[in-house]
Amino acid sequence: MTATMTQCLLRLVEEHHTLADYQGDVVPRWCAGCGDNAILAAMQRLCRDEQLPPEKTVFVSGIGCSSRLPHYMHAYGFHGVHGRALPVAEGVRLRRPDLHIFVTTGDGDCCSIGAAHWIHAIRYNMNMTVLLHDNQIYGLTKKQVSPTSPRGLKSNTTPRGAYLNPLNPLTVTLGVSNVSFVAQAVDWIPDLLYDIIAEAHRHHGLGFVRILQRCPEFMDHRFDEAVRDPSKTRILVHGDGLRLKPELSRIYHNKEVHDPLDMPRALAIAALEDEIPVGILYKNPAVPCYEDVREAERPNTPDLIRTVLDEEFDKVTIWPDEQEPPAAAE
Amino acid sequence: MDQSSTPLAETKTAAAAAADAGASRPALFALYGTLEGLRYDYPLVLVEGEAPVLRPLTGIMDDILRRTAPPGTDGEALRQHVLRLEHAIRRRVARGERDSLASLWWRCAAELLAASGEAPFGPLDTDLDRAREALNVDGLVIDCDANAPEEVLVHAWKAVYAAKGKAFRKKVDGLILRLTDILKAEFMKSDAARTPQALELSIGSSFGSDFDFGALSRVLSHGSAHTPALDARQERIQRVLQVLKSQRFYPPGRSSERKPGQPNPHNFIFESCAEALDAFRERLDEIVDFVKALVIAELEIANKYRADLHDPVFEAFDESDLSAEQLALLPSSLVCLRDGTTDTADTVRAFEALASGLPIKVLIQTDDIVGDTSPEPSRTAFGVGSAHFAGMAMGLNNAYVLQASSALLCRVRERLIAGMSHDGPALFSVFSGAVKTASHVSPYLMAAAASEARAFPTFAYDPAAGPDWAARFDLSENPQAEADWPTHRLEYEDEALQRQAEDVAFTYADFVAADRRYGRYCRPVARADWRDDMVPAADCLMLAQAGEGYVLTAGADNALYRNVIDDKIIEAARRCLDAWRRLQELAGINNSHAIRLVAREKAAWQAQAAAATPEPASAETAEAAPAVTPAQPAAPAAAAAPEEPQETAEHAEAAGQSDDAYIETARCTTCNECTQINNCLFAYNENQQAYIADPDAGTFRELVEAAESCQVSIIHPGKPRNPDEPNLAELIARAEPFN
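Throughout what follows, the structure given in this document is the object of discussion. As a convention, each chain's residues are numbered from 1 in the sequence order in which they are written. Chains and ligands are labelled sequentially in the order written, the chains with letters from A and the ligands with numbers from 1. Residues qualify for local features only when their pLDDT is at least 70, as the model is predicted, and side-chain atom pairs are given and counted only at 80 or more; totals for whole chains, interfaces and linings, by contrast, use all residues. Side-chain descriptors were evaluated using all non-hydrogen atoms of the structure, hydrogens and water having been removed beforehand.

### Details of the side chain of A:Arg298
In this description a helix means any DSSP run of H or I spanning at least four residues, a strand means any run of E spanning at least two, and both kinds are numbered starting from the N terminus. Along the chain, the position of A:Arg298 falls in the loop between α11 (290-293) and α12 (302-316). Buried residues are those whose accessible area, probed at 1.4 Å on protein chains only, stays under 20% of the maximum for their type, while exposed residues exceed 50% and partly exposed ones sit between those limits. Its relative accessible area of 13% is what places A:Arg298 among the buried residues. Here a polar contact is recorded for every N or O atom pair within 3.5 Å, except that within protein the pair must consist of a potential hydrogen donor and a potential acceptor, and residues adjacent in sequence are included only if both atoms are side-chain atoms. Polar contacts involving the side chain of A:Arg298 include one to the side chain of B:Asp173, which spans 2.8 Å. Whether two residues are in contact is decided by their heavy atoms: any pair within 4.5 Å suffices. The residues contacting A:Arg298, other than those within four sequence positions of it, are A:Leu304, B:Arg169, B:Asp173, B:Gly253, B:Arg254 and B:Glu257.

### With respect to empty space enclosed by the protein
All names here are of chain B. A cavity, in this analysis, means grid points on a 1 Å lattice covering only the protein atoms where a 1.4 Å probe fits yet has no way out; a pocket is instead an open set bounded by protein on both sides within 12 Å along at least five of seven lines, and a residue lines either one if it has an atom within 4 Å of a point. Grid points are joined across faces, edges and corners, and a volume is the space filled by probe spheres set on the points. All told, the structure shown has 10 cavities of 30 Å³ or more when counted by the stated rule. Size it by volume and the largest cavity reaches roughly 140 Å³. The wall of the largest cavity is formed by 16 residues, among which Phe-268, Phe-280, Ile-287, Pro-331 and Ser-333 lie closest to the centre. By residue number, the principal contributor to the lining of the largest cavity is helix α10 (residues 273-282), which donates three residues. Class assignment for the residues of the lining of the largest cavity results in 13 nonpolar, two polar and one charged. Amino acids outside the nonpolar list (Ala, Val, Leu, Ile, Met, Phe, Trp, Tyr, Cys, Pro) and the charged list (Asp, Glu, Lys, Arg) are all regarded as polar, and Gly is one of them.

### Remarks on the interface of chain B and chain A
Put simply, an interface is often sized by how much accessible area is lost when its parts join up. Contacts between the two partners involve 50 residues from chain B and, on the opposite side, 52 residues from chain A. Two parts placed together each lose some accessible area under a 1.4 Å probe, and adding up what both lose gives the buried area. Buried area between chain B and chain A, summed over both chains or domains, comes out near 4500 Å², and the portion from carbon and sulfur atoms is 53%. Sorting the residues of chain B by area buried against chain A places B:Lys170, B:Arg254 and B:Lys304 first, and these three jointly supply 12% of that buried surface. Here, a salt bridge means any side-chain nitrogen of Lys or Arg that lies within 4 Å of a carboxyl oxygen of Asp or Glu. On the surface where chain B and chain A come into contact, there are seven salt bridges. Here A:Glu15 makes a salt bridge to B:Arg306, at a shortest N to O gap of 2.9 Å.

### Some remarks on the environment of B:Val704
Residues and elements named next belong to chain B. By the secondary structure assignment, Val-704 is in helix α26 (residues 700-709). Here Val-704 falls in the buried class, since its relative accessible area comes to 0%. Sequence-wise, Val-704 and Val-295 are 409 residues apart; in three dimensions their C-alpha atoms are separated by 60 Å.

### Comments concerning helix α14 (residues 344-355) of chain B
Residues and elements named next belong to chain B. One fewer than the residue count of a helix, multiplied by 1.5 Å, yields its expected span. For α14, spanning 12 residues, the distance from its first C-alpha to its last is 17 Å, which sits close to the expected 16 Å at 1.5 Å a residue. Within the sequence span of α14, burial applies to Asp-346, Thr-347, Ala-350, Ala-353 and Leu-354. Axial view of α14: buried residues confined to an arc of 110°, hence all on one face. Positive backbone phi, approximately 80°, marks Gly-357, located one or two places after α14. When we speak of the arc, we mean the arc of directions from the helix axis to the C-beta atoms.

### Considerations on the layout of surface pockets
All names here are of chain B. Of the voids in this model, the largest pocket is the one considered here, and its volume is about 1100 Å³. Every residue lining the largest pocket is counted, 40 residues in all, and those nearest its centre are Gly-49, Lys-158, Ala-159, Ala-162 and Ala-163. Mapped onto the lining of the largest pocket, the elements with two or more residues apiece are β2 (44-47), α6 (148-189) and α16 (413-421). Considering each element in turn, the lining of the largest pocket owes the most residues, 14 residues, to α6.

### Points about the sheet that holds strand β4 (residues 128-134) of chain A
Residue and element names in this part refer to chain A. For two strands to count as paired, DSSP must find a minimum of two bridges between them. Across the sheet, which stays open at both edges, the nine strands sit in the order β2-β1-β3-β4-β6-β5-β9-β7-β8 with mixed pairing between neighbours. Single-partner strands in this sheet number two, and they are β2 (76-79) and β8 (255-257). Put simply, the sheet's adjacent strands are angled 20° from each other on average, direction ignored. Relative to the sheet, helix α2 (residues 35-50) contacts β1 (57-61), β3 (100-106), β4 and β6 (206-212), its axis offset from that of β4 by approximately 160°. For every element, the axis is a line fit to its C-alpha atoms; helices are fit only across the contacting stretch, and the angle between N-to-C directions ranges from 0 to 180 degrees. Along the sheet face, helix α7 (residues 190-202) touches β3, β4, β5 (181-186), β6, β7 (233-237) and β9 (276-283) and points at about 160° away from the line of β5.

Rendered as C-alpha cells:
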C-alpha cells in the first residue's frame, strides 16, 4: 500500500525520543526502595520504546504516593482530587481521541473513595491504561489501612489489627460486565512489569493492571517471601499473553499456560491466596469501547453546536409578522 | 419468468398469418401479454436513506407479509388484502403515475376501501393499517420504461454521494475541531486572552466579584512566551480553516447550516462528458487548495508542521501532485448519455473521460440494440456498436464496467453501488427495452429478452477486485451462462387440443423477431405448411443441420407459427454468438486455452500411462522376486534431556569466580537504594536499571550496604579491591550471603 502524502511529509520530521525526554524536571521524592520507582521506570521505557509523542501523552492521577507519578513524567499530566482520576481520564478520552492516556491510581484512591468510578470505568471500557499501585496501605498519610490491607494489619486507624478481609481488586474487576483486560504485575520483576504494561497499552480498551508494590516505609517485608522464593509467584504464559524470557524461565519455574479468554479460570487464578499470579488474567479484544459505540456521525464543531442550538431555539421563538421563520431543519 | 402452458390454436390460414406478422412475438412471450397481473422485479422503489437503495415492490410487500401475516390460513386474508393493494399500486404506476410509495399506498388503500363498500375499521381497513405500520421504507416508485435507467442510476449516484458526504464531513469536521482547539490554546497564551476584560469574560459573572482581574492579568502576563513563529502558525491555521469551512464539494449536513449568501455546492451531474471534463478543469484550483489544506491540517494536528521543510513543498504543490487517494474523498461526476439524444462526438469524449482515470461515472443508455435495417446506422444512434462499448471500456483496465438491461437493474444493484463507489471512472451500459418498433412488447420483456438472447449480456468488470480476470470479471447474472443460448420449456396445445411440450432455445433471432423492422426478414408459416427441412434457429446457427432456419412465434390470436428467418438474421445471430463466446472465455467458461491445455495434459498422461504398463509377469518370475521386507522403523530419537534450569546461584558462581562486584541489571527495580548510597559507584543505564559504573568510585562497605538494602538482592559485592579498607573481615562476612 502506498503511503499517503501526509505520511510522507511526516517522515521528513521524524523525531526520536530518548528515555531522558520522558523524565520530568522534578526528581522523584518517593522513598528509596519504593515500588513506585520501578513503575515509573517501566512507564518511561514504554514511552520511549513506543515513541509516544510527549505532547500526545497524558497521565491522570488522584491522590496518594502513586499519584505523584505525573509530576515525574515529561508529558501532560492531571493530578486530580482523591478518587477521581478515572472520570477525568474518561473525559479526556471523549474529548481527545488522539491522546495516549495512562491512569495511575492507588489502592485507596481506586478501591475506596474511587470505587464507584472504578466499576463504571471498567464497564465503559474506554481506551486507556489503568495502573493500580497496590501497596496495601495508605502511605502518603502515614499508615492507615486501605481496602486491600491484609486482615490483622496494625495501623494508625486499626491499632488492634484490621478487622475485615481485604478486597481483591482482581476478582472485583473480572466480575464487572464489559471487562476487557485484567492483569497483575509485581514491581520486583521489572521485565514482566514492563511487558504487562506494554500489553495493557496495546490493548484497545481499558487495560487494568494491578501492580503489587512494596512500601519500605510502612509495609516493609510485606512481600519478602514472594521476592525471595520464586515458587510463590505463578507466571501466566500463553501465545496470546505473556511470553517468558529464557533468563526468567531459569528462575521462575512455577508457570501456568493460561488462555486469557478463559474467564472462569481467570477468576480462579485471581482468587489464589498462597501464590501471587503474575501475567494477563483476561484479555478480550472484542469488547466494544464506549467512545466507539457512541461515536457521533459528525464531530461537534463549534459551528455545528451553534447551528443545532439555534434550530432548537427557533422552534420556540415567536417571530415578528414581517419576518419569515427559517425552514425546518432536515 | 415462470413457465406454464398456453392455449395456442393451431389452425390459421397463411394470409391471416401474414397479416398478423407485424404483431408477432416470440412464443415464449405469449404468456406475458400484460405484466400487470404478474409479480416481478418492477415497479422498483428508489429507497431513500438506507441500503439497499433499490427494492422491488414485490420484495417490500413480501417482507411486510413475513413480519405481519401469521402462517397458514390465519394470515390468508391479510395476505390477499396486501396483494390486492400491491396490484392496485402496480396498475397505477403502469398507467404513468409517479409518486412515493407512502402516497401511492394511501391512495390505493382508499380506492380499495371505497370499491369494497366496507365500513371503516373493517377487516380490509385493519389489515391494510397493520401492513402500513410494518412499512419501514419509502421512496419514488418507478416502472420499467424509457426513463428507468437514468432514474435508477441517478438515485444510486445520489445514495453514494450522500454516504461519501457523511464520511467527508466527519473527517473535515474532525480536522476543523482539532484546529479550532489549537487556535483556542494559542489564544489562551496570547496577550489578548490575558487582558482583565478577557479574563472576566472567561470566568463568568457568577464569581466575577471574587477576583481582581487586573492583578490576575498582571500575574499571567509575566513570562508569556509569544514568538513570531506562533503568529505564522496561527495565520496558516486560519487560512486552512477558511478553506475547509468554505468547501463546495458537499452540502452541509443540515439545511440550517447554510449561511445566507453562501454559494451553493457544486453540481456533479452533467448531460455531456465535455461539460463534466470542463467543470473538473474549472474546479482544479479549488481541488488543489482543498487537498493542500487537508494535508497541512493533518500535519498541524500532529504537531509536525515545519515551515522550513514543508513551506516549499506546498508552494510547489499543483494538480500533478494529486493522488487517487485524495481524489477519492471528493465526489465523482455523473454523466447521463442516451442513444438518439446524445451527439456521437460525445461518446468519443466519454471514452476519453474513462481513460483519464478521473472519478467520472458515465451512463450510456441504449434504447435500440439492433438498429435500423438500412446499411448504415443513423447519425445519432450508437447502432450495434453500443453493445460493444462496454467491452471496449474493459480494455482500459482502470474503469469499472457494468452492462445490464433494465430488467436486471435490481438484481445487479450491489454491483451498481460498487461501481458508483469505485474510486476511478465507471461505465454503466444499460438497455432500456423501450424499443419504439416493438411497442407491442413491454420494455421490461424486451430488456429481459435482450439478456436472454445474449444480444445485451449482463456482465461486470471491477478492476479493484483482484489481480486477474477470474477475480475481476463476472458473467454469472446471465441465465444458463455456460450455454450458447438459454433453453426454456414451451408448452402448447396441438391441433388435437393435446398438451405438448418442447425445449426451446431463445436466440438472437427470437429477439429480433419481436421488432417490426425485421418483419420483412421473417416469413411466418402456419402449422399446416410446416416441413421437415425446417430447423430451429439454434441448430441452424451451429450449422448442425442444413435447411430453413425458423423461430417459434405467437401471432395476435396466440396461434403458433414457425417464422422462417432470412440469412441476414442468421449472420447477425452468429456475430452475437461469437461475441457471447468471447465473453464466456473471459469468464473462464469454455475457455479455449484451458480446454487445449487439459487436452494436451490428458494426452500426455495417457501416453505416460500406456508406456508404464508392465508386461504380464510369468509364475517363475514372481517366485524369484525377492520378498520385500517392511522397512524397519527408525529408532526413536533419544528424547532430549530436559534442559535443567540454571539457578541464579550458578550464574552467580560463574560470575563470582572473577571476584568482581556485579549487579543483575535486568532485574533491577530502579528503587534508588544503591544510587542514593553512591551515585558514582552505581548508575542507571538507558533503561533506568542499575549497574556498576565505576568499581573504584566507592568502598567495599558501600557495596555491602547496597547489597543489604537492595530490595531484590541483585547486588553481588564480590571481593574487596582495596585490602587496606578497614573492618574487611566483618564486611566479607556480611557480603558472603550475597556472593
